[in-house]
Amino acid sequence: MDVYNFSAGPSVLPNEVKQQITKDIISYQNSGMSILEISHRSSLYTDMLAKVQADLRDLMKISDEYAVLFLPGGATLQFTNLALNLATKFNHVAYLNSGHWAQKAIDAAKKVPGLQVDVIDSTNEYLPDINQNWSPQLDYVHLTTNNTIEGTTYHQIPELNEPLVADMSSNILAQPYDVNQFDLIYAGAQKNMGIAGLAIVIVKKERLKDMTNLSDVMNFWLEEKKNSEPNTPPVFSIYVAGLVFDWLKKQGGVAGIYQQNKAQAKMLYDYIDQSNLFGNQVKQAERSLTNIVFSTGNSELDKEFIAEAADEQLISLAGHRLVGGMRASLYNAMPTSGVEKLLSVMQKFEQNHKGDHYVRN
Ligand SMILES: *Cc1c(COP(=O)(O)O)cnc(C)c1O
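Residues numbered from 1 in each chain as written. Predicted model: local features only at pLDDT ≥ 70, side-chain atom pairs only at ≥ 80, totals over all residues. Heavy atoms only, no water.

Chemist: Hey, could you go over the pattern of salt bridges for me, with residue numbers and the actual values?
Modeler: Throughout the structure, instances matching the rule amount to 13 salt bridges. Note that Arg 41 is salt-bridged to Glu 229, the shortest N-O span being 3.2 Å. One end of the pair, Arg 41, is in the loop between helix 1 (15–24) and helix 2 (43–60); the other, Glu 229, is in the loop between helix 5 (220–225) and helix 6 (235–250), and 188 residues separate them in sequence. Overall, the relative accessible area of 10% leaves Glu 229 in the buried class. Of the charged contacts, one joins Asp 183 and Lys 204 as a salt bridge, the two residues approaching to 3.3 Å between their closest N and O atoms. Of this pair, Asp 183 sits in the loop between strand 8 (164–167) and strand 9 (184–188) while Lys 204 is found in strand 10 (residues 199–204), placing the two residues 21 residues apart along the sequence. Among the residues examined, Asp 183 registers a relative accessible area of 9% and is labelled buried. (Salt bridge = Lys/Arg side-chain N within 4 Å of Asp/Glu carboxyl O. Helix = DSSP H or I, 4+ residues; strand = E, 2+ residues; numbered from the N terminus. Buried < 20%, exposed > 50% of the residue type's maximum accessible area, 1.4 Å probe, protein only.)

Chemist: Any details on the layout of surface pockets? Residues and values, ideally.
Modeler: Approximately 580 Å³ is the volume found for the largest pocket. Surrounding the largest pocket, 30 residues form its lining, Glu 150, Gln 281, Val 282, Val 293 and Val 323 being those nearest its centre. Put simply, the parts of the chain that give the lining of the largest pocket at least two residues each are strand 11 (291–294) and helix 8 (299–311). Residues that form the lining of the largest pocket fall into these classes: 10 nonpolar, 14 polar and six charged. In this structure, the second largest pocket occupies an estimated 360 Å³ of space. Surrounding the second largest pocket, 18 residues form its lining, Val 12, Leu 13, Asn 15, Ala 333 and Pro 335 being those nearest its centre. Secondary structure elements with two or more residues in the lining of the second largest pocket: strand 1 (4–5) and helix 1. Ranked by residues supplied to the lining of the second largest pocket, first place goes to helix 1 with three residues. Residue composition of the lining of the second largest pocket, by class: nine nonpolar, six polar and three charged. (1 Å grid on protein atoms, 1.4 Å probe; cavity = no way out; pocket = protein on both sides within 12 Å on 5 of 7 lines; lining within 4 Å. Points joined across faces, edges and corners; volume = space filled by probe spheres on them. Nonpolar A, V, L, I, M, F, W, Y, C, P; charged D, E, K, R; others polar.)

Chemist: Mind laying out the packing of helix 1 against helix 6, listing which residues take part and the relevant values?
Modeler: Packed helix pairs are characterised by how far apart their axes lie and by the angle those axes make with each other. Packing of helix 1 against helix 6 brings their axes to within 10 Å, and their N-to-C directions diverge by 140°. Viewed along their axes, helix 1 and helix 6 adopt a mutual orientation that is oblique. Once helix 1 is placed against helix 6, the crossing between them reads as right-handed. Each of Glu 16, Val 17, Gln 20, Ile 21 and Asp 24 in helix 1 lies in contact with helix 6, whose residues at this interface are Phe 236, Tyr 239, Val 240, Leu 243, Val 244, Trp 247 and Lys 250. Broken down by class, the residue content of the contact of helix 1 with helix 6 amounts to eight nonpolar, one polar and three charged. (Axes fitted to C-alpha atoms, helices over the stretch in contact; angles between N-to-C directions. Parallel < 35°, antiparallel > 145°, perpendicular 65-115°, else oblique. Left-handed = near helix turned anticlockwise from the far one by under 90°. Contact = heavy atoms within 4.5 Å.)

Chemist: Provide a residue-level description of empty space enclosed by the protein, including the pertinent values.
Modeler: This structure, assessed with the given rule, holds one cavity of 30 Å³ or more. Volume-wise, the largest cavity comes out at about 60 Å³. Every residue lining the largest cavity is listed: Val 12, Leu 13, Pro 14, Lys 191, Asn 192, Met 193, Gly 194, Val 244, Trp 247, Asn 332 and Ala 333. For the lining of the largest cavity, a count of residues per class yields seven nonpolar, three polar and one charged.

Set out below in structure tokens:
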């Protein structure tokens, strides 16, 4: 029986990608060496990196005005790095506090000595509005495009006079965004671009400045100059990202997968909205395509559902421990058959619990 992995990250990989990895683990491109062994100074690696970079530029329509960096330390290290590398002119930045990960980015920025951090919280049950009366002279405004834990998304990004920085960790390549609207975009790879150990930073070259007081691996200017290898790069994670990009191109790129993601999310939201047992409290316009949260409103019943789903090989459906309930992460590699299976298990569960009703918390 097929296992469907609904984890929020590390997350499902396409089967094709996993099959290719098993071959390249033994011998990469007939070199007789494993992909795990090749030198980052060899043309095997430099050719691969050039292709991975070009494919990402192609998929996201990234112009030559931007550098594309492949960095260690995940999205979390970039919380700090981006503040250290970009907040150099005014020492003043602003953050939209849209949820747990946004809060983490804020906490990291607040640790940077001498940096003034404005925080915009939500004033109602919606996400904080990107259109604000921003203070003058900000180094950037930071937002989290998709809130992985809360299941909310900024689908539209308005034009701002302030430079925008975005954490796209959980919906990069899942739906189209215009890179030109941002000075910097970053994302951990393990949600929609492969496996952990790698973060991708797309940054306007004109924002780069040699930060000589920082470690080489934190200095974006130097990373660009040294083509993301001031030290040994995470070769395997970059390689897997490359396979994922190849696979995504075959799905019609971001435009193609966006159609699939919308269709899959609609199947699930439509069912939840007419269900008597399951509910989702996110406003329609802000509902995430990649992380769909739902619950029965009864934590015991939620646990029962998660266990029954696991018996049916639907794995990692528990919501984040901070919010409880359920979360189905439908990243790009989730096949539609996985969503269909989930729906059938939800329907069966609802039928077996006719006396129970969704209770809004
Ligand atoms: C997962 C996640 C992170 C953290 O990523 P790491 O690579 O584990 O550091 C940051 N931001 C968002 C939106 C996430 O979903």
